[in-house]
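Chain and residue survey
One-letter residues, chain by chain:
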Amino acid sequence: MRRSIFIGNWKMNHTVGSAIRLVTELRTKLSGKLEMDIVIAPPFTLLHPLEIAVLDSPIELGAQNVHWEDRGAFTGEVSSAMLADVSCKYCIVGHSERRTLFNESDQFVNKKILNLLDHGIKPVLCVGETQSERKNGQTTEVLQRQLQLGLRSVNALQSTELVIAYEPVWAIGTQTPASPAMAQEAHVYIREQLGNIFRKDVAQDIRIVYGGSVNPSNIAGFMDQKDIDGALIGGASLESDSFLKIVFSGSE
Ligand code: PGA
């Protein structure tokens, strides 16, 4: 049984004051034993203040990016060791904004994943096709490439630490989500590929979340699908009300 997971990708939003306010609001509405994992991925500058703000709460911290070396002359970069030092449990890798705006290759994504796993941080690997790739019938080819190259040398034992986020690029920040059926079809394909890369039984335990214009009114449709185990949420994770509505209506 896969435990559902909801990850808020704050992107380049919030400052210390507004982030602490948001986490305080989330905390007051999250009590008791929860049946899902809740992760927020703020910008780097907020990780340490939020490490303290989420203490003794069900909220876990994630980062949005990482470098693959532990330390050294890499101006502007942050390592897995540094993320672990501020209690980061997850890290988004290969988001389409990084792939397109910062030329992040599948090879870079792979190095980051291997380094994160070495430091006990769960990678959230983002995969997904662009509009034109879907139109040209290349969706499965793209997903296969991103998974195979991104997960090279990850062993079956480590694989259950992974979260895969299916994020069709055309659905991100557009208010045009994929339909639940379309997302389910992609998730089934992704799980099949994970079965080929690792083992079929192992693939059954890996969580695959959907991302791209998720909001409180469409989450239930996604969560009704057998292979959708949660969501990666951008815009709607920036306010406590919408984020919590997604978390709770998604896990009913
Ligand atoms: P969105 O972003 O929910 O604003 O579409 C999702 C993402 O980029 O992870």
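Our subject in this report is the structure included herewith.

How each quantity is defined
Residues numbered from 1 in each chain as written. Predicted model: local features only at pLDDT ≥ 70, side-chain atom pairs only at ≥ 80, totals over all residues. Heavy atoms only, no water. Disulfide = S-S within 2.5 Å. Buried < 20%, exposed > 50% of the residue type's maximum accessible area, 1.4 Å probe, protein only. Near = heavy atom within 4 Å. Polar contact = N/O pair within 3.5 Å; in protein donor to acceptor, adjacent residues only side chain to side chain. Areas by Shrake-Rupley, 256 points an atom, 1.4 Å probe, with all protein chains shown as cover. Nonpolar A, V, L, I, M, F, W, Y, C, P; charged D, E, K, R; others polar. Phe/Tyr/Trp six-rings, centres within 6.5 Å; stacked < 30°, edge-to-face > 60°. Helix = DSSP H or I, 4+ residues; strand = E, 2+ residues; numbered from the N terminus. Lys NZ or Arg CZ within 6 Å of the ring centre and 35° of its normal. Salt bridge = Lys/Arg side-chain N within 4 Å of Asp/Glu carboxyl O. Expected span 1.5 Å × (residues − 1). Arc of directions from axis to C-beta.

1. Topic: the state of the cysteines
Scanning all chains against the criterion turns up zero disulfides. Cysteine C88 is unpaired, with the sulfur of C91 as its nearest cysteine sulfur at 6.7 Å. The class of C88 is buried, set by a relative accessible area of 4%.

2. Some thoughts on the site of the ligand
Inspection of the region around the ligand gives 13 residues, with K11, H95, E167, G173 and S213 positioned closest. Here an oxygen atom of the ligand sits 3.4 Å away from a polar atom, N or O, in the side chain of N9. Separating an oxygen atom of the ligand from a backbone N or O atom of G173 is a distance of 2.6 Å. The protein chains hide 94% of the 280 Å² of surface that the ligand would expose on its own. Each residue belonging to the shell around the ligand can be placed in one class, and the counts come to four nonpolar, seven polar and two charged.

3. As for the packing of aromatic side chains
The final tally for this structure, using the stated rule, is three aromatic pairs. Aromatic side chains Y166 and Y210 sit 6.4 Å apart centroid to centroid with 55° between the ring planes, which places their arrangement in the tilted category. Residue Y166 is located in strand β6 (residues 163–166), and its partner Y210 is located in strand β7 (residues 207–211); the two are separated by 44 residues in the primary sequence. By relative accessible area, Y210 is classed as buried at 1%. Pairing Y210 with F222 gives two aromatic rings, centres 4.3 Å apart and planes at 15°, and the pair type is stacked. Separated by 12 residues along the polypeptide, Y210 in strand β7 and F222 in helix α11 (residues 219–223) bring together distant segments of the chain. Three or more aromatic residues joined by ring pairs make a cluster, and in this case those are Y166, Y210 and F222. When the ring centre of Y90 is taken as reference, the NZ or CZ atom of K122 above it lies at 5.6 Å.

4. Focus on the pattern of salt bridges
The full count for this structure, using the stated rule, is 14 salt bridges. Two residues, K112 and E104, come together in a salt bridge whose shortest N-O distance is 2.9 Å. When salt bridges that share partners are traced, they join R2, R191, D227 and D229 into one network.

5. Observations concerning helix α1 (residues 16–29)
Over its 14 residues, α1 runs 20 Å from end to end, which matches the ideal 20 Å to within 8%, given 1.5 Å per residue. Among the residues making up α1, those that are buried are S18, A19, L22, V23 and L26. Seen from one end, α1 has its buried residues packed into an arc of 130°, which puts them on one side. Among the exposed residues of α1, those pointing more than 90 degrees away from its buried face are R21 and T28.

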